[in-house]
Structure formats: C-alpha cells, structure tokens
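The lines below spell out each chain.
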Amino acid sequence: MPTLTVHFFAGAAQASGCERADVPFDTAMTIYEGALQAGLKQGAHKDDLSKVLSVSSFLVDGTLHKGSTVLNTPADTRVDVLPPFAGG
C-alpha cells in the first residue's frame, strides 16, 4: 500500500502537533482525509485540525490541489499543508 507523507506548516503544524506524518492510503482517500488521518495519528485534536485544514491549501508532489481531490496515484505521495498566513 502506498504511503502518504504529510508535511504540516505554520498553524497546521501547531494544530497537528507535528511537522510530518506518514500514513498508508488507498486510492479512495481525499487529500483532506489523508491530512486529517496523518494529524490524528500524531494525537491532534480533530476539531482543531479540521478547522485549519478547511482553510488550507494543499500541494501534492508540488502541484496545487483542493482538499476534496481524490488521491489516485499508486506511488508514495507527498502532501504539503499550507494554512493561510500573513507576512510582509
């Protein structure tokens, strides 16, 4: 079974309690579900993480996707979770 490696940044890392988590995934899983599963595996509080994920952007192997996109690759996949942030 392929592995989903989720990298959490900024507020997403704070909400998930980690910067990286690996979880097995099947091809019926959405990006959002995979990121949520990865964070929960690390002990994140579901409501807090769900709130951050609902406003985050997701990069799948470097390409921007919506959280509702179904992961349909048979290979190991990297997902970057990028919550909104301000700077300047």
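Procedures and definitions
- Per chain, the residues get numbers from 1 upward, laid out in the order the sequence is written.
- The predicted origin of the model limits local features to residues at a pLDDT of at least 70 and limits the giving and counting of side-chain atom pairs to 80 or more, whereas totals for whole chains, interfaces and linings rest on all residues.
- Working from all heavy atoms in the structure, the side-chain values ignore hydrogens and water.
- A 1.4 Å probe rolled over the protein chains alone gives each residue an accessible area, and that area as a share of the maximum for its type sets the label: buried under 20%, exposed over 50%, partly exposed in between.
- Strands are runs of DSSP state E lasting at least two residues, helices are runs of H or I lasting at least four, and both sets are numbered from the N terminus onward.
- One bridge is not enough; two strands pair if DSSP finds at least two bridges between them.

(A) Looking closely at the pairing of strand β1 (residues 3-8). Where burial is concerned, most of β1 is hidden: five out of the six residues are buried. Here β1 pairs with strand β2 (residues 20-24) via five bridges, running antiparallel. Bridge pairing in β2 places His-7 opposite Arg-20. As judged from the five bridges shared by β1 and strand β5 (residues 77-82), these two strands associate in the parallel manner. Pairing of Thr-5 across the sheet is with Arg-78, part of β5.

Just geometry here; none of it tells us what the structure is for.
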